[in-house]
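# Fold and geometry: a report
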Amino acid sequence: MAETTQQEAGRGLWYGLAAYGMWGLFPLFWPLLEPGAADDILANRMVWSLVAVVLLLLAQRHWSWIRPLLRQPRRLAMLGGAAAVISVNWGVYIWAVNAGHVVETSLGYFINPLVTIAFGVLVLKERLRVAQWAAVGIGALAVAVLTVGYGRLPWIALTLALSFATYGLLKKKVGLSGLESLAAESAFMFPFALGYLVYLEVSGRGTFGHTVAGSYGWGHSGLLMLSGVITAIPLLCFGAAAVRVPLTVLGLLQYLAPVFQFLIGVAVFHESMPPARWAGFSLVWAALAVLTWDALRRVRADRVERAAALARRIADAPVVEPAPAPATTR
């Protein structure tokens, strides 16, 4: 049994690495969809995401969750909000990557845990530990330093972090799995995305189903269709990891995606990193180091407390005397 559990945990770790690794490599994919504009790519991603997720649900015969959801208007409203917020996140991300701001997109996902903590205080009225307050303070200082370094507020990073933190908050309240949530959100976005694709087609700005000599061919349309699969597969891997590894492991793995994005921005796209930006990123990394240290310390403390509580229960349990053996007769 222990060996099986260990194997499952190992498999879950690989699923988690695959999910966050694919998310981290996304900046290499979106430029392949040019000369499609960001709005064209986003609308196609929404449409083909629904197609991909419906095919996955058909393969799994997983439909039982839909009918109960349709009877809960509050959850449906929150899913609609989540769909709107993630649309903003996707749109800004695609535009930023194709406009040469990959490093700043990585910053958004580096500071996302800090924004999530701030939401916990402001929205859920959670109480922070000293280390968490310190991490948030260092993160705020980092944003100030980066504002000076960029010569402007790092709005791309802040938009990505705020939208994704809001999305996470709404998903937490809705309580659907990754695949189910993507299906519902894609269903909300589908009519708007399809209508927008029709508008792009009528106005002559759409690229799906077209070929332009010397610019793009049918492979471009294939890549636009592939964007739906590219969206769904990491979510499936993440869902498989979430049920096999502890949340602390997932919390550490989440930094893999922005690390990959940062490295791609610097090493592949050769984006500029003047000293002020290095200073700001260093502060962000310091804040995340404090946050990670505090989380691991809390996990160890909780483990010790649970072990102590179990020992107390065993010590306080009444001792049951064995019943006397029944007399025998000859």
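Scroll up to find the structure this text is about.
### Regarding the overall build of the protein
- Helices and strands together make up the secondary structure of the protein, namely twelve helices and zero strands.
- Ordered by position from the N terminus, the helices and strands of the protein form the series α-α-α-α-α-α-α-α-α-α-α-α.
- Considering only C-alpha atoms, the protein reaches an extent of 105 × 50 × 40 Å along its principal axes.
- Within the protein, the proportion of its 330 residues that are buried is 39%.
- Here the analysis covers contacts within the protein between residues at least 6 apart in sequence; of these, 82% occur between residues at least 24 apart.
- Carbon and sulfur atoms make up 69% of the accessible area of the protein, which amounts to about 17800 Å² in all.
- In the protein, which carries 25 positive and 16 negative side-chain charges, the distance between the mean positions of the two groups comes to 7 Å.

### Regarding helix α7 (residues 155–174)
- Taking 1.5 Å of rise per residue, the 20 residues of α7 would be expected to cover 28 Å, and the 28 Å separating its terminal C-alpha atoms lies within 8% of that figure.
- Listing the buried residues of α7 in full gives Ile156, Ala157, Leu160, Ala161, Ser163, Ala165, Tyr167, Leu169, Leu170 and Val174.
- Positive backbone phi, approximately 75°, marks Gly175, located one or two places after α7.

### Quick look at the pattern of salt bridges
- Within the structure shown, the criterion is met by four salt bridges.
- Here Asp39 makes a salt bridge to Arg205, at a shortest N to O gap of 2.7 Å. Here Arg205 lies in the loop between α8 (178–203) and α9 (218–242) and Asp39 lies in helix α2 (residues 38–60), a separation of 166 residues in the sequence.
- By relative accessible area, which is 40% here, Arg205 ends up partly exposed.

### A few points about the side chain of Glu185
- Among the secondary structure elements, Glu185 is positioned in helix α8.
- One buried charged side chain, Glu185, makes no salt bridge at all; its nearest oppositely charged neighbour is Lys171, positioned 4.1 Å away.
- Once residues within four sequence positions are removed from consideration, Glu185 is found in contact with Leu79, Ala82, Ala83, Ile86, Tyr167 and Lys171.

### Considering unusual backbone geometry
- Between Glu34 and Pro35 the backbone carries a cis peptide bond, its omega angle lying at 15°.
- Note on placement: Pro35 falls in the loop between α1 (2–25) and α2.
- Unusually for a residue other than glycine, His270 sits at a positive phi of about 55°.
- Position of His270 among the secondary structure elements: in the loop between α11 (256–268) and α12 (275–316).

### Notes on the packing of aromatic side chains
- Taken as a whole, this structure holds 18 aromatic pairs when the rule is applied.
- With centroids separated by 5.3 Å and ring planes inclined at 70°, the aromatic side chains of Tyr20 and Trp23 adopt a geometry described as edge-to-face. Residue Tyr20 and its partner Trp23 are both found in helix α1; the two are separated by three residues, about one turn of the helix.
- Relative to Trp30, the ring of Phe29 lies with its centre 5.1 Å away and its plane at 70°, an arrangement referred to as edge-to-face. Neither Phe29 nor Trp30 differs from the other in exposure class; each is buried.
- Ring pairing ties together the aromatic residues Phe110, Phe262, Trp278, Phe281 and Trp285, which thus form one cluster.
- In this structure, Arg45 is placed above the aromatic ring of Trp90, and the distance from its NZ or CZ to the ring centre is 3.9 Å.

### Digging into the packing of helix α5 (residues 102–122) against α12
- With their axes 11 Å apart at the nearest point, α5 and α12 run at an angle of 35° to one another. α5 and α12 meet at a crossing whose hand is left-handed. Listed contacts from α12 to Val103, Ser106, Leu107, Phe110, Ile111, Pro113, Leu114 and Ile117 of α5 are Phe281, Val284, Trp285, Ala287, Leu288 and Leu291.
- Residue classes in the contact of α5 with α12 are distributed as 13 nonpolar, one polar and no charged.

Definitions and cut-offs
Residues numbered from 1 in each chain as written. Predicted model: local features only at pLDDT ≥ 70, side-chain atom pairs only at ≥ 80, totals over all residues. Heavy atoms only, no water. Helix = DSSP H or I, 4+ residues; strand = E, 2+ residues; numbered from the N terminus. Buried < 20%, exposed > 50% of the residue type's maximum accessible area, 1.4 Å probe, protein only. Contact = heavy atoms within 4.5 Å. Areas by Shrake-Rupley, 256 points an atom, 1.4 Å probe, with all protein chains shown as cover. Lys, Arg positive; Asp, Glu negative; His and termini not counted. Charge placed at Lys NZ, Arg CZ, Asp CG, Glu CD. Expected span 1.5 Å × (residues − 1). Salt bridge = Lys/Arg side-chain N within 4 Å of Asp/Glu carboxyl O. Phe/Tyr/Trp six-rings, centres within 6.5 Å; stacked < 30°, edge-to-face > 60°. Lys NZ or Arg CZ within 6 Å of the ring centre and 35° of its normal. Axes fitted to C-alpha atoms, helices over the stretch in contact; angles between N-to-C directions. Left-handed = near helix turned anticlockwise from the far one by under 90°. Nonpolar A, V, L, I, M, F, W, Y, C, P; charged D, E, K, R; others polar.

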